[in-house]
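# Close look at the chain arrangement
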Amino acid sequence: MQSQVLTARDRWAIETMQRQIAVLETRESQVRQAPEPVQQCAGWLALQRQVPGYERYLRPWIGGVGFDGAVPAIAEHRTALRVRLALADSEVARFDPTTRQRAQQQVGLRLAVIGKGGAGKTVLASTIARLLARRGRKVLAADLDTNPGLAMSLGMPPTEAGLPPEAIEEHEGGNYGFQLAGGLTPPEAVERFSTPGPDGVRYLGVGKISSESKWAAKQSVPAVVQILLGVGSPEWDVVADLEAGPTTPFERYHAFASDVMVVVGPAWRSALTVRRLLPMLTEVNPIIVASQYGDEPDHAHLAPWGRIPFDPAVREAERRGVAPLDACPDAPAMRAVESLVERLLDRAATVPSVEGGGR
Amino acid sequence: MKIAVTGKGGTGKSTIAGYLIRHLAGSGHTVVALDADPNPNLGISVGVAPEIVESMEPILNALLDSGHTHKDPQPPAEELLRRYGVKARDGITLVATGKVERPSDACLCCGSHNTTRQFFGDLSAEHRVVVADLEAGLNDLIWADPKQDDVVLAVTDGSAKSVEIARRACGLAAGMGVTRIIGVANRSVDEADRQQLAKELDIAEIFVVPEDPAVLAADHRGLAPFDAYPDSPAMVAVRELATRLVAT
């Protein structure tokens, strides 16, 4: 093999991949040590959903553009991920159908919400997160928008900072020049740095842009992306609210998610945006949710899986800057989200668990 | 004059930019309609047919297709405008900086954001009006980097989130030395919205655009409200804004 000088970018990629394998190895050994077969099975099922996230994240690296020196390591990493997925598949197959079915119900959602600005992403993501938490689930609400909004819709005080300085470190080859601090694993990062919100939701987010913080807001982004990819315990539901438009899927903030919810409003341009987003989501099954609907017909070829009506009570909550779930819990839009949550959970519990589990 | 239109997603940036562009062009100004959104759709509000908007080649995409890399110097702005600008009615030139189409590991700072920065920065403001419709949120305002003589319009829609984002946009613009910053209270329901927004943004110049079902109806059909309902209340309001902008 031709020897190649590694650039900072190559070194960062290689370190990122090594860390990902370490995360998976730790998870696998924890799954093996789980006391009950149902827990073990749930652990492997969760790995069936987690590992493809790493592969989705890796996909644009293949071909090596920008990573010339890391090409062999990228190819090896892809193989290693496939081996781990095959391992999870074979472990799941060892359990009897009853155990698998029970385990399936314990595996958390990995959900990303995207769409055009103003379509209702944040109201939807925050309400889903809180309604999941009210069912007694552990929910991580991840804020991947450098503009404020998610905390407000969750009903939490606004936060300016992303991760604290001790959670990130500089790397000259990393995106935005930063990465998750060495030695800090994604599950530890969630335990230590997420903040509690209403209904027991845990909030974790990137920094917010302001006149005092023009560029620093981005410093947490790469770490938060790796944290979401690395949360593998089946007990967590992860719900991430992504910044409007195509740039967040471009940077693959949604890679962690087995379900990507694409929110479309009645406006023609909202549909145009979704039509542009869908080709970027080839490796997941997008869930189209029509939001803010009156009596408009559906957009052509964008048949919605779910529907949230336009609701003056939600608009009023948005005007006041409070969580719609606190301001108008019984409003039609809130009831529609409740039924959406029900269906999301049913859907997750019936994903085929052996062949093609979660992929 | 160069005008950058910023604000939270869905507040009506492109719609207001589109009206402004049409009013200014219709009253004899030479107008460049600059779509800086990586999800470009300003053309719709200007009244360009959707097929043409979809088939337009943004500057960055065209340069990359011709073998340009981010390390090569970008051709001069006026040259780019001649090459990639599309002629629309009333002499408007519509141009987009870059469209994001697929996940990649190219970074946006070397991509569409930087193209926006250089192009908006370099374009001459002499004898023309440049109206730049920025990407939703605050990031693109930092990249566009408006200067002292430029105008920043921060659009809100009455929601607390949009007001908070506009407040930050005003702070950022002031920090960049911009002296004329205008808050736009779009979809306003009453006069109290003006005072409320002036207080929240802590700026003197607030412009009110009323809630207008005609705009909503045009929006649902993907039409420019300017063509569909030229005398609707929101249109009339933006006509005044256009007049006010060029009068001073």
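Above this note sits the structure.
The notes below deal with the structure included here. What you see is a predicted model, and the numbers here were worked out from it, not measured in a lab.

### A few points about the overall build of chain A
Secondary structure assignment for chain A yields 13 helices and 10 strands. Expected size for 359 residues packed as a compact globule is a radius of gyration near 21 Å; at 20 Å, chain A falls within 12% of this value. Along the longest, intermediate and shortest principal axes, the C-alpha atoms of chain A span 65 × 55 × 40 Å. Across the 359 residues that make up chain A, the buried fraction comes to 55%.

### Quick notes on the overall build of chain B
Scanning chain B from N- to C-terminus turns up 12 helices and eight strands. Relative to the compact-globule value of 18 Å for 248 residues, chain B shows a C-alpha radius of gyration of 17 Å, a close match. Dimensions of chain B along its principal axes, counting C-alpha atoms only, are 55 × 35 × 35 Å. Burial analysis of chain B (248 residues in total) assigns 57% to the buried set. Partitioning the contacts of chain B with sequence separation of at least 6, the portion at a separation of at least 24 is 72%.

### With respect to the interface of chain A and chain B
Taken residue by residue, the interface counts 40 residues in chain A and 35 residues in chain B. Elements represented by at least two residues in the side of chain A that touches chain B include exactly helix H9 (247–250), helix H10 (268–277) and helix H11 (312–320) of chain A. Per-element tally for the side of chain A that touches chain B: the top contributor is H10(A), with five residues. For the side of chain A that touches chain B, the per-class residue count stands at 17 nonpolar, 13 polar and 10 charged.

### A word on the environment of Val274(A)
All names here are of chain A. By secondary structure assignment, the location of Val 274 is in helix H10. Between the C-alpha atoms of Val 274 and Ile 288, which are 14 residues apart in sequence, the distance is 8.9 Å. Those residues in contact with Val 274, other than ones at most four positions away along the chain, are Gly 115, Val 262, Val 264 and Leu 302.

### Digging into the environment of Met235(B)
Residue and element names in this part refer to chain B. On the secondary structure map, Met 235 appears in helix H12 (residues 233–247). Under the C-beta neighbour-count criterion, Met 235 is labelled buried, with 21 such atoms within 10 Å. Put simply, Met 235 and Phe 120 are 115 residues apart on the chain and 26 Å apart in space, counted from C-alpha to C-alpha. If near-sequence neighbours (up to four positions away) are discounted, Met 235 is found in contact with Tyr 19, Pro 225, Phe 226, Tyr 229 and Pro 230.

### Here's the deal with the sheet that holds strand E8 (residues 259–264) of chain A
Residue and element names in this part refer to chain A. Spatial ordering of the open sheet is given by E5-E6-E2-E7-E1-E8-E9-E10, a layout of eight strands whose pairing is mixed. Strands with a single pairing partner mark the edges of an open sheet, and in this sheet they are strand E5 (195–196) and strand E10 (306–309). Packing against the sheet, helix H5 (residues 121–134) makes contact with strand E1 (110–115), strand E2 (138–144), strand E7 (236–242), E8, strand E9 (285–293) and E10, and its axis sits at approximately 170° to E7.

Criteria and thresholds
- Residues numbered from 1 in each chain as written.
- Chains lettered and ligands numbered in written order.
- Predicted model: local features only at pLDDT ≥ 70, side-chain atom pairs only at ≥ 80, totals over all residues.
- Helix = DSSP H or I, 4+ residues; strand = E, 2+ residues; numbered from the N terminus.
- Rg over C-alpha atoms; globule rule 2.2 N^0.38 Å.
- Buried ≥ 20, exposed ≤ 12 C-beta atoms within 10 Å, placed from the backbone.
- Contact = placed C-beta atoms within 7 Å.
- Nonpolar A, V, L, I, M, F, W, Y, C, P; charged D, E, K, R; others polar.
- Pairing = 2+ DSSP bridges.
- Axes fitted to C-alpha atoms, helices over the stretch in contact; angles between N-to-C directions.

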